[in-house]
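Listed below, chain by chain, are the residues.
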Amino acid sequence: RGTKLTAREIGVLASAGFSSVKVVKKPVVAVISTGNELIDPGERLEFGKIYDVNTYTIGAGILENGGIPVFLGIARDNAEEIRSKIAEGLKIADIVFLSGGTSAGIGDMIYRIIEEFGEVLVHGVAVKPGKPTVIAVASWNGKTKPIFGLPGYPTSALMIFEIFVAPLIRLMSGLPEEERKIVKARIPTKVFS
């Protein structure tokens, strides 16, 4: 139990006569980027536009942690479009992940839209970068599913993904907690929180 099945383990199981074993289903994670300024990599970069980085970095992070990413595309800064993408994500995935639009201004809209689907547990965390994070749970077809609204800035999104989302994906996929190396260091200047 808790063993990742690689070619070696599958070979051992076959040699012992097992034609099947019970496994943990990989969690499906719906990935939604939000913002009028986003375009897909490969498109011509026009003035005022930026490439959607988070879909790809978070998608790779989901794969690395034992999940299956499902890309639902870019939702413009439009309540109905965001609402529709969240509903689609809840229908097909175990976790819904949004990036962008969680800070002041449009963030109030994201927060309110997520709140329509369930209970917002967290709106803002004491982490820099990544403070304007939204964590919620929604009931969908009798199942409770987490929804994460992360900042759009790629460093912030990846930081919050590593702290809150990756451990949940690993837990749901039956993988052990990732070991992290801790290094003691002394910084040369005073840091104010």
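About the thresholds
Residues numbered from 1 in each chain as written. Predicted model: local features only at pLDDT ≥ 70, side-chain atom pairs only at ≥ 80, totals over all residues. Heavy atoms only, no water. Helix = DSSP H or I, 4+ residues; strand = E, 2+ residues; numbered from the N terminus. Contact = heavy atoms within 4.5 Å. Areas by Shrake-Rupley, 256 points an atom, 1.4 Å probe, with all protein chains shown as cover. Buried < 20%, exposed > 50% of the residue type's maximum accessible area, 1.4 Å probe, protein only. Lys, Arg positive; Asp, Glu negative; His and termini not counted. Salt bridge = Lys/Arg side-chain N within 4 Å of Asp/Glu carboxyl O. Polar contact = N/O pair within 3.5 Å; in protein donor to acceptor, adjacent residues only side chain to side chain. Axes fitted to C-alpha atoms, helices over the stretch in contact; angles between N-to-C directions. Parallel < 35°, antiparallel > 145°, perpendicular 65-115°, else oblique. Left-handed = near helix turned anticlockwise from the far one by under 90°. Nonpolar A, V, L, I, M, F, W, Y, C, P; charged D, E, K, R; others polar. Pairing = 2+ DSSP bridges.

This next bit is on the overall build of the protein chain. What the protein chain contains, in helices and strands, is five helices and eight strands. Reported as C-alpha extents along the three principal axes, the dimensions of the protein chain are approximately 60 × 50 × 40 Å. Considering only contacts within the protein chain whose residues lie at least 6 apart along the sequence, 59% involve residues at least 24 apart. Entry remark: accessible area of the protein chain is about 12,100 Å², with carbon and sulfur atoms responsible for 57%.

Right, let's talk about the side chain of Lys-145 for a bit. Structurally, Lys-145 can be placed in strand β8 (residues 143-150). In this structure Lys-145 is buried but unpaired, with Asp-94 as the nearest side chain of opposite charge at 5.3 Å. For Lys-145, the side chain forms a polar contact with the main-chain oxygen of Ala-93, separated by 2.7 Å. Leave out the neighbours within four places in its chain, and Lys-145 touches Leu-90, Lys-91, Ala-93, Asp-94, Ala-136, Val-137, Ala-138 and Trp-140.

What follows concerns the packing of helix α2 (residues 54-64) against helix α5 (residues 154-173). Put simply, α2 and α5 touch, their axes get as near as 10 Å, and they point 25 degrees apart. One way to sum up the angle between α2 and α5 is to call them roughly parallel. By crossing handedness, the relation of α2 to α5 is classed as right-handed. Along the contact surface, α2 presents Asn-54, Thr-57, Ile-58, Gly-61, Ile-62 and Glu-64, while α5 presents Pro-154, Ala-157, Leu-158, Phe-161, Ile-169 and Arg-170. Within the contact of α2 with α5, the residues separate by chemical class into seven nonpolar, three polar and two charged.

This part is about the sheet that holds strand β5 (residues 95-99). The strand order β4-β1-β5-β8-β7-β6 describes an open sheet built from six strands, whose pairing is mixed. Each edge of the sheet is formed by a strand with only one pairing partner; in this case those strands are β4 (68-75) and β6 (118-123). Strand-to-strand twist across the sheet, computed as the mean angle between neighbouring axes with direction ignored, equals 20 degrees. Two elements, strand β7 (residues 134-140) and β8, share seven bridges in a ladder whose sense is antiparallel. Across the sheet, Val-137 pairs through a bridge with Pro-146, a residue of β8. Packed on one face of the sheet, α2 meets β1 (28-34), β4 and β5 and runs near 165 degrees to β4. Strand contacts of α5: β1, β5, β7 and β8, with the helix running at about 160 degrees to β8, the strand carrying the most contacts.

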